[in-house]
Amino acid sequence: MIEFVNVSKRFPDGTVAVEDFSLVMPSRKTTVLVGSSGSGKTTLLRMINRMVDPSSGRIEIDGEDTSSLEPVALRRRIGYVMQNSGLLPHFKVIDNVATVPVLNGVPRKQAREQALTLLDTVGLDRSLADRYPSQLSGGQQQRVGVARGLAANPNILLMDEPFGAVDPIVRAELQVELIRLQRELDKTVVFVTHDIDEAFLLGDQVVILETGGRVAQVGSPTEILSDPANDFVANFIGAEKGKRALSIRKTPRGEILVDTEGRAAGVLVPGPDGSPA
Amino acid sequence: MNFFVEAIAWILDPRHYGGENGIDTRIVEHLVISFGVVLVAALIAVPLGYAIGHTGRGRAAAIALSGGIRALPTLGLLILIALGVGIGLTAPFIALVVLAIPSILAGAYSGFEAVDRRTIDAARSVGMTEWQVVGRVEVPLGLPLLIGGLRAASLQVIATATLADYVGGGGLGHFLFLGLKTNDYPQVLAGSFVVILLAIVSEILFGVIQRLVIPAGVSAGMSTNVRVRSPRSQAATG
């Protein structure tokens, strides 16, 4: 469990990135921080592994105040996946994945064997192990990034817009993969994105942020969609207009769902649990 | 009277080899001085440049200082130091070290600065200590630019080390100063040719080294035939 207690962050230049932020991120669940630029979401994420230290307040991991922990040791037990993969260009794929175990003193040979298994886990062919990052596609690089994040078998995985720089088709693939991985591995995932669709798809708990890290609403995707806390949230998730405001239209062949523009958006089918539409 | 031909003849004359004033002896002396100077300058400038490049602090001061040092006339500096420490190799050695430092310093810090900030941020995020960020990321990725700095410094030092003999420091400058004093212009020209030759050899060597030190993954990204390379040949190079 990660707990933020009255956390604020003021940067030396005077910008207030986060003000009095409190939140509990439950273990083994995916918490998605979603907001536009300037909402402080990345700052919040980077405070968990002490890449950024809060100006006031504290962050606890399983009841332990992170400010009492040594930053390097803390980072090595937290997985970190970032945009543009952040891979080391002069390390082969296999050595990128093995980076953290090697830093932790695992013998290189053993670390590489583990890394090969991780390539399987993230759905990469083992033949890519000896390539360099520049020889991979964007999607493959992101997968390597995820494998590296998982290499030290951390309980916590931080993901900073990991799929932001890949094309929509690859992004969709990677999102599905992440859901599968999360089902298998059961990590505490903190995911940052500006894409509300991605947030609803991946998040058990979604945190919608306004400027300055103010929490507009926290809840499951269902809770947020069914009861937006205010106009900002309603607007952000597109509940009032656009593709999420769907209405039923009867047609001679059955009922379809249309958006506010009257464009067909889908059909009504019985729910997965067998309940009627 | 063709100085050019005479100079070549002077170089080829077997009587000018062997002994204290032989061309071969003077070449070795010149190279030892140059190598020693670049080594000492590197020992000073590389750690300093790395510190500047890693922390991002002191860059403005380093540029100002480098500019100032570059503007110093080496001959003037040499005489100034020689007035203090006397005749011999010490004065030219110090003057040449001062000459070599700016290029190496610039190569060291610009090498670090050229590393993508996101790569460094990523290295830190996964739990590298500052020393590991330096040793495993910044040094290997910054190496080509550092070698470039050493290359420029070596060229300058080899050319300018001719001044060493002005205060009795030895090296190929001996032929120049002796030739000037005795109006023996073929000898002056011959000495110059040898210096030029050394400079060219140095350039070629550093050119090769510079290509060799480009980290594998980085050169792999730059080469155009990446996609046709088979995994087998990549495994072989690794």
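Because the structure is a prediction, the values reported are computed rather than measured.

With respect to the interface of chain A and chain B
On the chain B side, the residues contacting the 25 residues of chain A number 25 residues. Among the secondary structure elements, those contributing two or more residues to the side of chain A that touches chain B are α2 (71–76), β6 (78–82) and α4 (99–103) of chain A. Looking at the side of chain A that touches chain B residue by residue, the classes come out as 11 nonpolar, 8 polar and 6 charged.

Brief notes about the domain arrangement of chain A
As assigned here, chain A comprises domain 1 (2–239) and domain 2 (241–277). Taken over C-alpha atoms, the centre of domain 1 of chain A sits 34 Å from the centre of domain 2 of chain A.

Comments concerning the UniProt feature "domain: ABC transporter" (unreviewed entry) in chain A
In the numbering used here, UniProt assigns the "domain: ABC transporter" (unreviewed entry) feature to residues 2–237 of chain A. Between the first and last C-alpha atoms of residues 2–237 of chain A the distance is 25 Å; the span itself is 38% helix and 25% strand.

Looking at the pairing of strand β11 (residues 247–251) of chain A
All names here are of chain A. Counted residue by residue, β11 has 0 buried out of 5 residues, so it is predominantly exposed. Strand direction decides the pairing type here: β11 and strand β12 (residues 254–258), joined by 5 bridges, are antiparallel. Within β12, the residue paired with T251 across the bridge is G254. Counting the residues between successive antiparallel strands, the hairpin from β11 to β12 contains 2 residues.

A word on the nonpolar core
The nonpolar side chains of soluble globular proteins are, as a tendency, buried together. In this structure, V97 of chain A together with A41, A100 and I104 of chain B are the most contacted members of the largest nonpolar core, which totals 122 residues. With 14 residues, helix α5 (residues 90–113) of chain B is the single largest residue contributor to this core. Excluding residues within four positions of it along the chain, V97 of chain A makes contact with A115, L118, L119, V144, A147, R148 and A151 of chain A.

Points about the pairing of strand β7 (residues 156–160) of chain A
All names here are of chain A. Summarising burial for β7: 5 of the 5 residues are buried, a large majority. The pairing of β7 with strand β8 (residues 188–193) spans 5 bridges and is classified as parallel. The partner of D160 across the bridge, within β8, is V192. With respect to chirality, the unit in which β7 leads through helix α7 (residues 168–185) into the neighbouring parallel β8 is right-handed.

Structural notes on unusual backbone geometry
All names here are of chain A. Even without a glycine there, the phi angle at R50 is positive, about 60°. Mapped onto the fold, R50 is located in the loop between α1 (41–48) and β4 (56–61). Although it is not a glycine, N153 sits at a positive phi angle of roughly 50°. With respect to the helices, strands and loops of the structure, N153 is situated in the loop between α6 (138–150) and β7.

Regarding the environment of E203 of chain B
Within the secondary structure, E203 of chain B is located in helix α9 (residues 185–212). Spatially, the C-alpha atom of E203 of chain B lies 17 Å from that of S192 of chain B, the residues being 11 residues apart in sequence.

A short note on α7 of chain A
With 18 residues, α7 of chain A should cover 26 Å at 1.5 Å per step; its first-to-last C-alpha distance of 25 Å lies within 8% of that length. Once α7 of chain A finishes, D186 of chain A follows within two positions and takes phi at roughly 60°, a positive value.

Quick notes on the rules
Residues numbered from 1 in each chain as written. Chains lettered and ligands numbered in written order. Predicted model: local features only at pLDDT ≥ 70, side-chain atom pairs only at ≥ 80, totals over all residues. Contact = placed C-beta atoms within 7 Å. Helix = DSSP H or I, 4+ residues; strand = E, 2+ residues; numbered from the N terminus. Nonpolar A, V, L, I, M, F, W, Y, C, P; charged D, E, K, R; others polar. Domains from an automatic or database assignment. UniProt positions renumbered as here; feature names shortened; annotations may be inferred. Buried ≥ 20, exposed ≤ 12 C-beta atoms within 10 Å, placed from the backbone. Pairing = 2+ DSSP bridges. Core = buried A, V, L, I, M, F, W, Y, C linked by C-beta atoms within 7 Å. Right-handed = clockwise from strand over helix to strand, strands pointing away. Expected span 1.5 Å × (residues − 1).

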